[in-house]
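A closer look at the structure
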Amino acid sequence: MHSLSFGGKWGPLIFPLLMAPSSSAWPRPRGGRSAPAVGRRRPKAATATIGQALLSPRPLCARIGSGLVPAHGQPWRLRSGSALHWPWSQACFSRPPSVVVSCAGITRDEFLLHMSEDDWDKVIAVNLKGIFLVTQAAAQALVSSGCHGSIINISSIVGKVGNVGQTNYSASKAGVIGLTQTVARELGRHGIRCNSVLPGFITTPMTQKVPQKVLDKVTGMIPMGHLGNPEDVADVVAFLASDDSGYITGASVEVTGGLFM
């Protein structure tokens, strides 16, 4: 099996957690102290949070690294990306994360005719503004330090094709695609790549809330005949985080089993 190359990078920031790969190539923390051994501490809360944030706690860890360091902060409650966790991480390490993955997402489903403005605002604030704040903070830190990096934003296939009862969610995920492509254009000259991943129906707590009749209908529309697994998304994220995708930016990679192609 081909091993992905990360070129001694540390990261990524899996919102809202900071992860680091198993590598002795970690940058040294400020003050000259040795970096903590990866995996030496793996808080249960961190594992639980990343499970909620990026579909499952383990797939991406297995492909990039197993060290989890909590990074406290919920960007939809912050006024500025600068108030995020970069001051915390840069106080401990000599450079910012070189791989950033933004994957915050909530749903407040309702038909357009009945959707409240509050439900619209909440979804946009988390799904779109949250990713904007993380992306902006990461870009500012990387550009100011002169470091190259890879920013990966989790969108959704419904951001491309829409979905009944999800006006707010579809709009927020479509916004993520546009944001990602614009960031790719702006930051390419700084050696910073930005791509988005568009999962289809993946077996997660979010899809577990969907009625079985609906899931059966959707499954029948998927050429591959089944829902995706978290590992399917994690594999693509790991590839986009690695040096193997070094000439890919502004892309929207669908992980749908062929749904809506």
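Considering a nonpolar patch on the surface
Where nonpolar side chains cluster on the molecular surface, the patch consists of V161, M221 and F260 and spans about 250 Å² of accessible area. Structurally, the position occupied by M221 is in helix α7 (residues 212-221).

Observations regarding the nonpolar core
V100, I151, V183, L187, I192 and C194 are the most contacted members of the largest nonpolar core, which has 15 residues in total. Every element with two or more residues in this core is listed here: α4 (117-145), α6 (167-187) and β6 (192-199). If sequence neighbours within four positions are ignored, C194 has contacts with I151, N153, T180, V183, A184, T249, G250 and A251. In terms of nonpolar packing, the next biggest core, distinct from the first, is built from 13 residues, C103, V233, A241 and V255 among them.

A short note on the pairing of strand β4 (residues 99-102)
Both faces of β4 are covered, namely the face carrying V99 and V101 and the face carrying V100 and S102. The pairing of β4 with strand β5 (residues 149-154) spans four bridges and is parallel. Looking across to β5, one finds that V101 is bridged to I152. Crossover β4 to β5 through α4 is right-handed.

Points about the pattern of salt bridges
Oppositely charged side chains can pair when the atoms bearing their charge come close. This model, assessed by the stated rule, comprises two salt bridges. The shortest N-O distance in the salt bridge between K122 and D118 comes to 3.2 Å. With K122 and D118 both in helix α4 and four residues apart, the pair spans about one turn of that helix. A relative accessible area of 37% means that K122 is categorised as partly exposed.

As for α6
The end-to-end C-alpha distance of α6, which contains 21 residues, comes to 30 Å, matching closely the 30 Å that a straight helix rising 1.5 Å per residue would cover. All buried positions along α6 are accounted for by N168, Y169, S170, S172, K173, V176, I177, L179, T180, V183, A184 and L187. For α6, the elements touching its buried residues are α4, β5, α5 (158-161), β6 and β7 (252-255).

Observations concerning the packing of α4 against α6
Taken N-terminus to C-terminus, the directions of α4 and α6 make an angle of 15°; their axes are 8 Å apart at the nearest point. As the angle between them shows, α4 and α6 are arranged roughly parallel. Here the hand of the crossing between α4 and α6 comes out right-handed. Every residue of α6 that contacts α4 at D119, W120, V123, I124, N127, L128, I131, F132, T135, A139 and V143 is listed here: T167, N168, Y169, A171, S172, K173, G175, V176, L179, V183 and L187. For the contact of α4 with α6, the residue count by class is 14 nonpolar, six polar and two charged.

How each quantity is defined
- Residues numbered from 1 in each chain as written.
- Predicted model: local features only at pLDDT ≥ 70, side-chain atom pairs only at ≥ 80, totals over all residues.
- Heavy atoms only, no water.
- Patch = residues over 30% accessible without salt bridge, like charges linked within 9 Å, V, L, I, M, F, W, Y side chains within 5 Å.
- Areas by Shrake-Rupley, 256 points an atom, 1.4 Å probe, with all protein chains shown as cover.
- Salt bridge = Lys/Arg side-chain N within 4 Å of Asp/Glu carboxyl O.
- Helix = DSSP H or I, 4+ residues; strand = E, 2+ residues; numbered from the N terminus.
- Core = buried A, V, L, I, M, F, W, Y, C linked by side-chain atoms within 4.5 Å.
- Buried < 20%, exposed > 50% of the residue type's maximum accessible area, 1.4 Å probe, protein only.
- Contact = heavy atoms within 4.5 Å.
- Pairing = 2+ DSSP bridges.
- Right-handed = clockwise from strand over helix to strand, strands pointing away.
- Expected span 1.5 Å × (residues − 1).
- Axes fitted to C-alpha atoms, helices over the stretch in contact; angles between N-to-C directions.
- Parallel < 35°, antiparallel > 145°, perpendicular 65-115°, else oblique.
- Left-handed = near helix turned anticlockwise from the far one by under 90°.
- Nonpolar A, V, L, I, M, F, W, Y, C, P; charged D, E, K, R; others polar.

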